[in-house]
Amino acid sequence: MHKRSKRYIQALSLFDRNQKYDPAQAVEIVQNSPRAKFDETVEVSVRTGLDVKHADQQIRTTVSLPAGTGKKVRVLVVAKGEKANEAKEAGADYVGAEDVLQKIQQESWFDFDVIIATPDMMGALGKLGRILGPKGLMPNPKTGTVTFDIARAVKEFKAGKVELRTDKSGILHVPIGKVSFSKEDLVANFAAVMDTILRSKPSAAKGTYLKSITISSTMGPGIKIDPTKAAESVKKVNL
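Calculation criteria
For every chain, the first residue of its written sequence is number 1, and the numbers climb from 1 along that sequence. In keeping with the model being predicted, local features are shown solely for residues with a pLDDT of at least 70 and side-chain atom pairs are shown and tallied solely at 80 or more, while totals for entire chains, interfaces and linings include all residues. As a convention, hydrogens and water are excluded, and side-chain values are obtained from all of the structure's heavy atoms. Comment: elements are numbered from the N terminus, with helices defined as DSSP H or I runs of at least four residues and strands as E runs of at least two. In this treatment the radius of gyration is a C-alpha quantity, and the globule benchmark scales as 2.2 Å times the residue count to the 0.38 power. Note on classification: 1.4 Å probe, protein chains only; a residue is buried when its accessible area is under 20% of the maximum for its type, exposed when over 50%, partly exposed between these limits. Every residue pair with non-hydrogen atoms within 4.5 Å of one another is taken to be in contact. His is not counted, nor are the chain ends, whereas Lys and Arg count as positive and Asp and Glu as negative. Where a charge sits is defined by one atom per residue type, namely NZ (Lys), CZ (Arg), CG (Asp) or CD (Glu). Pairing between strands requires that DSSP locate at least two bridges from one strand to the other. Geometry is summarised by axes, namely lines fitted to C-alpha atoms with helices restricted to the contacting stretch, and by angles between N-to-C directions that run from 0 to 180 degrees. The split into domains, and so the bounds of each, comes from an automatic or database assignment of domains. The term buried area refers to how much accessible surface (probe radius 1.4 Å) is lost by two components on association, counted for both of them together. Salt-bridge detection follows one rule: a side-chain nitrogen of Lys or Arg within 4 Å of a carboxyl oxygen of Asp or Glu. Polar contact is the term for a pair of N or O atoms within 3.5 Å; when the atoms are in protein, one must be able to donate a hydrogen and the other to accept it, and sequence-neighboring residues count only if both atoms are side-chain atoms. Under this grouping Gly is polar, as are all residues other than the nonpolar Ala, Val, Leu, Ile, Met, Phe, Trp, Tyr, Cys and Pro and the charged Asp, Glu, Lys and Arg.

Side note on the overall build of the protein chain
Helix and strand counts for the protein chain stand at nine helices and nine strands. The C-alpha radius of gyration of the protein chain comes to 19 Å, within 12% of the 18 Å expected for a compact globule of 239 residues. Once the C-alpha set of the protein chain is aligned to its principal axes, its extents read approximately 55 × 45 × 45 Å. When burial is assessed residue by residue, the protein chain has 45% of its 239 residues classed as buried. Restricting to contacts in the protein chain with at least 6 residues of sequence separation, those with at least 24 account for 73%. Seen as two clouds, the 38 positive and the 27 negative side-chain charges of the protein chain have centres 6 Å apart.

Here we look at the sheet that holds strand E3 (residues 75–78)
Read from one edge of the open sheet, three strands run E4-E3-E5, paired in parallel fashion. In this open sheet, the two strands that pair with only one neighbour each are strand E4 (94–96) and strand E5 (114–117). Taken over all neighbouring pairs, the strand axes of this sheet differ in orientation by 20° on average, direction set aside. Pairing between E3 and E5: four bridges, direction parallel. Residue pairing across strands places Val75 opposite Val114, the latter belonging to E5. In this fold helix H7 (residues 150–159) packs onto E3 and E5, with an angle of close to 165° to the strand it touches most, E5.

Re the domain arrangement of the protein chain
Here the protein chain is described as being made up of domain 1 (17–69 + 161–238) and domain 2 (75–158). Computed over C-alpha atoms, the centres of domain 1 and domain 2 are 27 Å apart. Listed by partner, the interface residues are six residues for domain 1 and seven residues for domain 2. Counting the surface lost from both domain 1 and domain 2, the interface buries some 700 Å², and carbon and sulfur atoms represent 45% of this. Ranking the residues of domain 1 by area buried against domain 2 places Arg60, Thr62 and Lys161 at the top, with a combined share of 76%. The interface formed by domain 1 and domain 2 contains one salt bridge. Between Glu156 and Lys161 there is a salt bridge, and its shortest N-O distance comes to 2.8 Å. Our enumeration of links across domain 1 and domain 2 arrives at two residue pairs in polar contact (both at pLDDT 80 or more). Looking at the side of domain 1 that touches domain 2, its residues break down into no nonpolar, two polar and four charged.

Some points on the pattern of salt bridges
Side-chain pairing between opposite charges can occur once the charged atoms of the two side chains come close. Taken as a whole, this structure holds twelve salt bridges when the rule is applied. Two residues, Lys183 and Glu28, come together in a salt bridge whose shortest N-O distance is 2.6 Å. On the criterion of sequence distance, the pair formed by Lys183 in helix H8 (residues 183–199) and Glu28 in helix H2 (residues 23–32) is long-range, its members being 155 residues apart. For Lys183, a relative accessible area of 28% puts it in the partly exposed group. Classification of Glu28 as partly exposed rests on a relative accessible area of 36%. Across the salt bridge formed by Glu86 and Lys83, the nearest N and O atoms sit 3.2 Å from each other. With Glu86 and Lys83 both in helix H3 (residues 81–90) and three residues apart, the pair spans about one turn of that helix. Each member of the salt-bridge network shares a partner with another, and the members are Lys71, Arg74 and Asp113.

Description of the sheet that holds strand E8 (residues 210–217)
In space, the four strands of this open sheet follow the order E7-E1-E8-E9, with antiparallel pairing throughout. Looking at the sheet topology across the chains shown, the edges are occupied by strand E7 (171–178) and strand E9 (223–225). When the angles between neighbouring strand axes are averaged without regard to direction, this sheet yields 25°. Examined bridge by bridge, E8 and E9 share three bridges and lie antiparallel to one another. Bridge pairing in E9 links Ile215 to Ile223.

Put into structure tokens, the structure is as follows:
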């Protein structure tokens, strides 16, 4: 049996595990739980009813979090010439072409969170598919990471654009900020994520789309959110 820490057990005593809360209440419980020694990330997990074995039932998109992620996002841009200069000016952390691809391959270098590439570099990047794919780092036009509009893409990811992607079980795991954020900022980020998930519902989806929604901090227990109330939080933000 996995031994739970005193802090985790204390956190469990603050709420009813079987109850489904509205988003603001759930955020409050996360923030009132005993804190770890570092600023924990707050993550939302959404279990969908999608059958991800079918390509037309997968979700892969991005959402811009209004309050950012609270995390410094390290951006690598794979581009040449003028586009490489554009990337540097926009604040990319690393810029290169074949040289950086070689570094990834030969030195297992992964000091970045996002790769943005110009379409003409995708042939060279494709050769690293077996390394980048499993790490979820392969640039994709659907997420705006394959583009000639390099400056805009760099700025968006730096400002808090995150990827939404169903995993093998049809679950989406999305960071919505840090425990130290204000309750309002976390709720606004949550609503932005839910809005994008609801808009991204594949037309081929059958049955219940949102099966369960949980919110938790890095070291804390998951708090269930009522899917109906989650959808309502989106409406409030869009009013």
